[in-house]
Structure formats: C-alpha cells, structure tokens
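The residues making up each chain are set out below.
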Amino acid sequence: MRLTVGQVHLHVLALASSRSCFVLGDHLPFRMLSLPRPVRFHQTAWRATETIEEKSGPLTLASLEVQNKVEYGKKERATRTGGPKPSSRASALNVKPKVSSFNAKPVKSALPKSTVVKKTLKIDESLFSAKSFEELGLPPLLIDQLNKEGLTTPTEVQSAAIPIISQKHDAVIQSYTGSGKTLAYLLPILSEIGPLKRPTEQDSSDKRSSVEAVIVAPSRELGMQIVREVEKILGPNDKRLVQQLVGGANRSRQEEALKKNKPIIVVGTPGRISEISAAGKLHTHGCRFLVLDEVDQLLSFNYREHMHRILEHVGRKSGTTSRDILGPLARRSERQTILVSATIPFSVIRAARSWGHDPVLVRALSVVPLNLITVPRPVLSQTDANSNSPSNSVNQAAVDSLPPSLEHYYCTSKAQHKVDTLRRCIHALEAQTVIAFMNNTKPLKDVVFKLEARGMKATELHGDLGKLARSTVLKKFKDGEFRVLVTNELSARGLDVPECDLVINLDLPTDSTHYAHRAGRTGRLGRKGTVVTICEETETFVVRKMRKQLAVPIKPCEFTEGKLLVHKEEDVE
Ligand SMILES: Nc1ncnc2c1ncn2[C@@H]1O[C@H](COP(=O)(O)OP(=O)(O)OP(=O)(O)O)[C@@H](O)[C@H]1O
C-alpha cells in the first residue's frame, strides 16, 4: 500500500468552512461523546488499525516514503501482545530486538501478596526503538543540543512521528501517557524553524521574524511544561524564541514580550491565544505548524469559540514560498496540523480528515492514512471480550493509552476513612511521590489538612489557585518538598512528574478515559508505577467495569500491617 502524498488538496475556503463545521457542528462536544460510552475512543483507534490491515495489509513507514526507510513490517498488536518484533525493522535500524516488559508480563499474572515500590525508578529501555536521533534525520545542531540534555535515544512514538512530520504530513499522534509525545512533535518542528533547524539554500534570504508554530494545550501547567521543554532544547541564549501565552498570567506583559522578542513559537491555552490574536497582537497567518496537544480535550464544547478562531486563523496564509522547503508537498499553501493525545476518539480522526492534507495516524509502531479508517463497529459483548477472537482487540485498544509498566489495584473504604486508607497505602507501597485525585475542589484542603496532621507533607493544586501559586506548588512538589499532591482533574492530563511512583483515585474518575489520563501521571517513560483506586463498597462495580473497558487487571487489595495484600478475584466477585 502506497500513500500518495498530497492526493487531496483542499481549497483554502473549503478548508476554512470545513473547520467551522468541525468546531460548531461536525465535532460533537467531547463530554457528550465520552460519557455514555467512553471505551469507544480506545476501541475506535484499535478497530481502525485492524480494519485497515484486514483490507490493505500493514502500512509501513517505508511505504510512506520515509527517508530512513524504516520498515514496520508487523502489526503493532503482535508486538504489544508478545509477538516477535519484526526482524526487518530491527535490521533497518540496526537495533537488536528487545523484549518489552509489556510482552513479558502476562495480563493475568499472579501478583505477590506483598508489593513494595522500588525507590530507584529505572527506565524500561524496550521503549526505545531507533538507536539514535541521527537515524531519524534530525539536523546536527539539534542533535548536539539533545545530547547536551542527555537525550540520545528516541522513543518508539518519536521514531514513528519524527520522519512523518518531517515529510510534511498532517498527523494525529496517539501513544500512551508518558511515552514522549511532546518531543515527537517538537523535534521535527525545531528541525524546520529556529536556530537549530536544517540548513537550506533559502537561509540567507529568509528574514522571517513572525510566529511559525502555535502549540495549544488545555491547561496552563501543560502549556508551561511545553514551554520549558522547548527552552531546554533551544538553550539559554535562544529561549526567548518561545513565548508562553497562558491564561492567568499578565496579558499585557505577554503582548509586550511578543513585540519585543519576536518569538517563532508560541505555546498557550486556547482562551489567551485567541484573545491576543483577536486584539491584533499575535499574527499567525504565516504560521507553518499548528499543534493541538491533548486534542480530544481541546475540541470539547468548553473551548469551541477559542478553538474556532485558532483553527480559522493559524496558517491561513503560509509565508513559505519555496518548493525546496516543502518538497513533495509544495502545493500546500497552509499550515501543517498535528493533533496529539493518548486517547483519540473517532471524532478527532473524522475532524482531522476533513481539514487535513492526507493526514496520517501515527502510533508507536504504525502509521496509517486517516482516509482508510472507518467508523468503529458496535461495542462487543463480554463473551467476545474474553475470547481470543479478533474482536478482543477492541478491548486491547484501550490498553494503548496506559503505560505498560503500571500495576493497578483497588480497595474499599468508607468515605470517612479514605484518607486513612490513603496514608496506609502510601506507607505500604513506600511511595515517595504521590498524586491523589479527587473530583471536586472543596474537599482537597481537608485531605491535605488530615495528611499534614498525621505528619505527611501534602499540598493541594486546583484551578482556583492563582497562576503563581499553581506553579509554586508544582515546583515544590517536583522538588520533593511535598510527598503528596492532592488535586483534581486539572492535573490529570499531560502533567509530567517523572518521579511520581503512585497515583491514587480518592474519588472515582468519571470514565475509563479519565482513569487512563490520571493513571498516566505515574509510570512515565517506562518507569514502574502503581495506581490505587480507593472506593466505597457500593462503587466496586464501576471499577470492575472500567477494568473490562481498559482491559487491564485492576486487582482488589487491602493495606494491613504496612503491607499490600492482594485478594484473589473470586473472593470479591
Ligand atoms: N527520547 C527521550 N529520552 C529521554 N527522555 C525522554 C525522551 N523523550 C521524552 N522524554 C521524557 O519523558 C517524559 C515524558 O514525555 P512526555 O511528557 O512528552 O510524554 P507524553 O507522551 O506527552 O505524556 P502525556 O500523554 O501524559 O502527556 C518527559 O520527562 C520527557 O522529558
């Protein structure tokens, strides 16, 4: 199967109107879509891949004319469920195939009666597939800078996404939490713009000083985190080339910085970006890249007006003129759009397809043209889910949003004893850096108070705190000043605290998608991590339902005498 690049070239006007359609009509509000049947998001992604493979055989990076001729010959599913890694791929990359820890761990493996979380968290090297960033064709200056930061080996999703984005494809990037999606889109962008970019003949005449990339994130914390990641790569001398435009911060100062520093990348929240753009202080028509990080959340009803403006204006008129720069996609007169999340509902695929240029779905070990993805089939029965039939892959798809190295448990507790259970859980697992999630803001303070009263350093993080307070709390937590961060949904997406070794659900997440994002705050980049849901007896059926939807073993347990005791399933069900 060969992807014809630039097959569908949409007229600017048509594209703009289809975007309007998407935000206002075509794309249903995320919450409306997610609440009744959350698992369909995951199912969709998996079903999509499978449908294509059934019809057309596996699509390879090589078939997409990726420079490095990386050949992904086998199905991702085979690798993730224990199948051998494709030898062609290993040889193409000159990498010895490694057995991933996910492969090694049977889903139904018996757990020890007592588990202690190791204090030293090691990165699982099986996540890394290409041997180096050089193999992915990144420019030398960028590679030097990555090496200085100790980044030498790309993760699997980076290996897949970097060549695809460098080939100017619009892309939807889906990979589980903590797998390195941020660099997967940042590195190809920084290969094209800014001081570390690939040298071109155009350079001497290229006096571009406007914004060339807009990155949108749903929360200030995630926005700031992305800014820091860009600054880290640009280095101290060029860090002014990225500007944060997040809400809650002083808007006039942001506008002044835009004028004075002439950044090439802006990263921000939808509201602030669209406000400054509407005020005529941010010019994005010449933008070459638009990234929507946590796209499924950004396209929800809450953000519709701001996202509408952003989608309408960013890259409306590309300043890129040279065929040399655009290569095979020289016909394109618009921005390149990159959509990113661990959870990609079919609505995102549909939307991306309607306003993209031959967009592709990039996952850790596969690349699929979106126009081949079909609407998912109906949800399957439990019998199907338990069998080895192809339909079982529907549930397997949900696993793809969760890091493979996580352990999941649940225990029951009366509401008034939950904090005590939380404390015993932390002691039993010897967890050092803990994020505890609740659904509302009000009770957070009370939990912090109770933990502190028992000598456990804790702090709260929520949207009612000012920007400064939020970043101070987060910094102190990352620096180890607090052992427990008690927070709400605000911290569920994107937050990267690599040391986090335990996530606790003090309240049940609203659905399996929310469970996946919360859980993904631990077990980052192949590290070990544990997720414990503390629920009331009457709520256990919800946990068991999510367990089925996510297809991960969430085991019943209790914490007694400083130990984690794992129950056998029959004792409970
Ligand atoms: N190639 C690499 N080598 C070493 N560390 C890396 C590499 N790529 C990313 N990281 C680190 O891995 C961590 C997780 O990356 P990142 O936050 O991009 O994950 P993510 O997939 O976007 O997660 P989420 O879905 O939760 O947003 C970060 O601390 C990042 O700096």
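Residues numbered from 1 in each chain as written. Predicted model: local features only at pLDDT ≥ 70, side-chain atom pairs only at ≥ 80, totals over all residues. Heavy atoms only, no water.

**Looking at the pairing of strand β2 (residues 213-216)**
- Both faces of β2 are covered, namely the face carrying Ala 213 and Ile 215 and the face carrying Val 214 and Val 216.
- Of the pairings in the sheet, the one linking β2 to strand β4 (residues 265-268) comprises 4 bridges and is parallel in character. Within β4, the position partnered with Ile 215 by the bridge is Val 267.
- Across 4 bridges, β2 lies against strand β5 (residues 289-293) in parallel orientation. Paired with Val 214 across the strands is Leu 290, a residue of β5. (Buried < 20%, exposed > 50% of the residue type's maximum accessible area, 1.4 Å probe, protein only. Helix = DSSP H or I, 4+ residues; strand = E, 2+ residues; numbered from the N terminus. Pairing = 2+ DSSP bridges.)

**Quick word on the packing of helix α19 (residues 418-429) against helix α20 (residues 442-453)**
- One can describe the packing of α19 onto α20 by two numbers: an axis separation of 10 Å at closest approach and a directional angle of 55°. Comparing their axes, α20 and α19 come out oblique. Crossing hand, α19 versus α20: right-handed. For the pair formed by α19 and α20, the contact residues are Val 419, Leu 422 and Arg 423 on the first element and Val 447, Lys 450 and Leu 451 on the second.
- In terms of residue class, the contact of α19 with α20 is made up of 4 nonpolar, no polar and 2 charged. (Axes fitted to C-alpha atoms, helices over the stretch in contact; angles between N-to-C directions. Parallel < 35°, antiparallel > 145°, perpendicular 65-115°, else oblique. Left-handed = near helix turned anticlockwise from the far one by under 90°. Contact = heavy atoms within 4.5 Å. Nonpolar A, V, L, I, M, F, W, Y, C, P; charged D, E, K, R; others polar.)

**What to know about the state of the cysteines**
- Overall, the coordinates contain 0 disulfides when judged by the stated rule.
- Looking at Cys 411, it has no disulfide partner, and the nearest cysteine sulfur is the one in Cys 557, 4.9 Å off.
- Lacking any disulfide linkage, Cys 425 is separated from the closest cysteine sulfur, that of Cys 411, by 6.6 Å.
- According to the relative accessible area criterion, Cys 425 is buried, its value standing at 0%. (Disulfide = S-S within 2.5 Å.)

**Describing the site of the ligand**
- With respect to spatial proximity, 23 residues lie near the ligand, and among them Thr 153, Lys 181, Thr 182, Asp 496 and Arg 524 are the closest.
- Separating a nitrogen atom of the ligand from a backbone N or O atom of Thr 153 is a distance of 2.7 Å.
- Taking Thr 182, its side chain carries an N or O atom lying 2.7 Å from an oxygen atom of the ligand.
- Here the ligand, which alone exposes 640 Å², has 91% of that area covered by the protein.
- Put simply, the parts of the chain that give the shell around the ligand at least two residues each are α9 (181-190) and α10 (220-234).
- Of the residues forming the shell around the ligand, the biggest block, 3 residues, is contributed by α9.
- Its residues placed into classes, the shell around the ligand shows 7 nonpolar, 9 polar and 7 charged.
- Viewed by domain, the shell around the ligand spans two of them, domain 1 (125-197 + 210-318 + 332-372) and domain 2 (402-566), each represented by three or more residues. (Near = heavy atom within 4 Å. Polar contact = N/O pair within 3.5 Å; in protein donor to acceptor, adjacent residues only side chain to side chain. Areas by Shrake-Rupley, 256 points an atom, 1.4 Å probe, with all protein chains shown as cover. Domains from an automatic or database assignment.)

**Regarding the UniProt feature "domain: Helicase C-terminal" (unreviewed entry) in the protein**
- UniProt tags residues 421-565 as "domain: Helicase C-terminal" (unreviewed entry).
- End C-alpha atoms of residues 421-565 are separated by 13 Å, and the span's content is 36% helix alongside 23% strand. (UniProt positions renumbered as here; feature names shortened; annotations may be inferred.)

**As for unusual backbone geometry**
- In this structure, Glu 430 is a non-glycine residue whose phi angle is positive, near 50°.
- Counting through the fold element by element, Glu 430 comes out in the loop between α19 and β10 (434-437).
- The phi angle at Glu 561 is positive, at roughly 50°, despite the residue not being glycine.
- For Glu 561, the location among the structural elements is in the loop between β15 (554-560) and β16 (563-566).
- For Glu 561, a relative accessible area of 81% translates into the label exposed.

**Focus: the side chain of Ser 219**
- Mapping Ser 219 onto the fold places it in the loop between β2 and α10.
- Within the structure, the side chain of Ser 219 is placed 3.1 Å from the backbone nitrogen of Leu 222, a separation counted as a polar contact.

**Considerations on the environment of Phe 289**
- Residue position: Phe 289 is located in strand β5.
- Distance in space between the C-alpha atoms of Phe 289 and Ile 534 is 42 Å, their sequence separation being 245 residues.
- Apart from residues lying up to four places away in sequence, Phe 289 is in contact with Ile 189, Glu 192, Ile 193, Glu 212, Ala 213, Val 214, Val 314, Arg 335, Gln 336 and Ile 338.

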